[in-house]
Amino acid sequence: MPTHERTAELRAGQRTGDEVLIQLAAELAVARRTHAPAELISPRYPHLSLADAYRIQQVGTVWRMAAGAKVGGHKVGLTSTAMQEQMGIHEPDSGVIFDDMIVAGGSTLRVSDYMNPRIETEIAFRLARDLQGPTDLNGVRQAVGEVLLAFEVLDTRFNSWDVTLVDSIADNAACAGVITGRPVRFDPALDLGGEQITVVANGGPVASGAGYDILGDPLKALVWLTHRLPVLGTTLRAGDIVLAGSVHASFPLTPGMDIRATSTHLPSVHLNVL
């Protein structure tokens, strides 16, 4: 569905009463705190709209910020065919990256800090200036300051990965962690679609993909986000990191992993897992 049609749907979508949405946000907050999974939302509330799901996400965001977290950026998910096919979802979604989720490449993560973690490799951007939306490719090129490789740790607070788009959005698009490679200055002339990315775990190849796998051009994910966020009443800020989406299907994060992703032009990103 074209972005303008989806935007109209979000604006016009019938919303469930806030009491129900707040209760569902509370269930997810408890799951995050206790590691006891919540029940999937979609089978219990099949009428929920995407607007409802983003409202649940927004409530959770407000609570996390009230507890001291700061917004460090946004993720765009489900932008590659591989991830859409793996999840059975056929359009992108977005989630919030909090500052306490972001660690530098070379860090060590503990699987026990998550519930059912998976990992994927992304092309990411850091903005040099505020980016009001909606805008186009030229607009985002002018706002991007740096580009980098990143890992995203996905986690579900539900009792199954068999989620719908509503479940995914409500669960902050499954965003649980970001591991950043060394950023380089963004060159608008660089063909990011042509970046060939290879992921190796414990010395053996486990995944690969290209920038073209992200909507044909990773910058298009950023354009998509500039159309999405105004509907949610927010915008992109200078310094924000934006994950454009994975170039490959995610795979489980397990103890003992030593994972490295390399790219044609971008510095590698590395992660140790305990």
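These numbers come from a predicted model, not from an experiment.

Engineer: I'm lost on the overall build of the protein in this one. Help?
Structural biologist: Along the backbone of the protein there are seven helices and 14 strands. Computed over the C-alpha atoms, the radius of gyration of the protein is 17 Å, within 12% of the 19 Å expected from 2.2 N^0.38 for a compact globule of 274 residues. With the C-alpha coordinates of the protein rotated into their principal frame, the extents come out at 50 × 45 × 35 Å. Relative to its 274 residues, the protein shows a buried fraction of 53%. When contacts within the protein are restricted to residue pairs at least 6 apart in sequence, those whose partners lie at least 24 apart make up 77%. A total of about 11600 Å² of accessible surface is found on the protein, and carbon and sulfur atoms cover 50% of it. Within the protein, one finds 22 positive and 30 negative side-chain charges whose respective centroids are separated by 5 Å.

Engineer: Could you clarify how one ought to interpret the pairing of strand β11 (residues 241-246) in this entry?
Structural biologist: A regular strand places its side chains on the two faces of the sheet in alternate fashion. In terms of burial, β11 is largely enclosed, as six of its six residues are buried. Summarising the sheet, strand β1 (residues 71-77) and β11 pair through three bridges and their orientation is parallel. Pairing of Gly73 across the sheet is with Ile241, part of β11. Looking at chain direction, strand β5 (residues 118-127) and β11 are connected through four bridges and run antiparallel. By the bridge assignment, Glu122 is partnered in β11 with Ser246.

Engineer: Please explain the pairing of strand β7 (residues 175-180) as it appears in this structure.
Structural biologist: In terms of residue burial, β7 counts as a mostly covered element, since five of its six residues are buried. The sheet contact formed by strand β3 (residues 102-104) and β7 spans three bridges and is parallel. Bridge pairing links Ala104 to Thr180 in β7. Examined bridge by bridge, strand β6 (residues 144-154) and β7 share five bridges and lie antiparallel to one another. Counterpart to Val153 in the pairing with β7 is Gly177.

Engineer: Would you explain the environment of Gly256 in this entry?
Structural biologist: When you line up the elements, Gly256 lands in the loop between β12 (251-252) and β13 (258-262). Counting along the chain gives 146 residues from Gly256 to Arg110, while the straight-line C-alpha distance between them is 9.6 Å. Once you skip the residues sitting within four places of it in the chain, Gly256 turns out to touch Asn202, Val273 and Leu274.

Engineer: Is there a simple way to explain helix α3 (residues 50-66) in this structure?
Structural biologist: Count 3.6 residues to each turn of an α-helix, and residues three or four apart come out pointing the same way. The terminal C-alpha atoms of α3, which comprises 17 residues, lie 24 Å apart, in line with the 24 Å expected from a rise of 1.5 Å per residue. Within α3 the residues assigned to the buried category are Leu50, Ala51, Asp52, Ala53, Tyr54, Ile56, Gln57, Val59, Thr61 and Arg64. Backbone geometry just after α3 places Gly68 at a positive phi near 115°.

Engineer: Honestly, the sheet that holds strand β9 (residues 196-201) in this entry has me stumped. Any pointers?
Structural biologist: Either a parallel or an antiparallel arrangement is found when strands of a sheet pair, and the pairing is made through backbone hydrogen bonds. Read from one edge to the other, the open sheet built from five strands follows the order β4-β14-β13-β9-β10, with strand pairing classed as mixed. In this open sheet, the two edge strands, each paired with only one partner strand, are β4 (108-109) and β10 (204-210).

Engineer: Sorry, what's going on with unusual backbone geometry here?
Structural biologist: The phi angle of most residues is negative, glycine excepted, and most peptide bonds adopt the trans form. The phi torsion at Ala173 lies on the positive side, around 55°, for a residue other than glycine. Mapped onto the fold, Ala173 is located in the loop between α6 (165-170) and β7. Despite not being glycine, Ala174 shows a phi value in the positive range, around 65°. Within the element layout of this structure, Ala174 appears in the loop between α6 and β7.

Engineer: How should I be thinking about the nonpolar core in this particular structure?
Structural biologist: Across soluble globular proteins, nonpolar side chains have a tendency to be buried as a group. Ranked by size, the top nonpolar core spans 66 residues in total, and within it Ile56, Phe125, Phe151, Leu222 and Ile259 carry the most contacts. With seven residues, helix α7 (residues 218-231) is the largest single contributor of residues to this core.

Engineer: Honestly, the environment of Glu122 in this entry has me stumped. Any pointers?
Structural biologist: Position of Glu122 among the secondary structure elements: in strand β5. Sequence spacing of Glu122 and Glu27 is 95 residues, and the spatial spacing of their C-alpha atoms is 29 Å. Look past the residues within four positions of Glu122 in its chain and what remains in contact with it is Val76, Leu148, Leu149, Ala150, Glu152, Leu243, Ala244, Gly245 and Ser246. A distance of 2.7 Å separates a polar atom in the side chain of Glu122 from the backbone nitrogen of Gly245.

Procedures and definitions
- Residues numbered from 1 in each chain as written.
- Predicted model: local features only at pLDDT ≥ 70, side-chain atom pairs only at ≥ 80, totals over all residues.
- Heavy atoms only, no water.
- Helix = DSSP H or I, 4+ residues; strand = E, 2+ residues; numbered from the N terminus.
- Rg over C-alpha atoms; globule rule 2.2 N^0.38 Å.
- Buried < 20%, exposed > 50% of the residue type's maximum accessible area, 1.4 Å probe, protein only.
- Contact = heavy atoms within 4.5 Å.
- Areas by Shrake-Rupley, 256 points an atom, 1.4 Å probe, with all protein chains shown as cover.
- Lys, Arg positive; Asp, Glu negative; His and termini not counted.
- Charge placed at Lys NZ, Arg CZ, Asp CG, Glu CD.
- Pairing = 2+ DSSP bridges.
- Expected span 1.5 Å × (residues − 1).
- Core = buried A, V, L, I, M, F, W, Y, C linked by side-chain atoms within 4.5 Å.
- Polar contact = N/O pair within 3.5 Å; in protein donor to acceptor, adjacent residues only side chain to side chain.

Distances and angles like these do not, on their own, reveal function.
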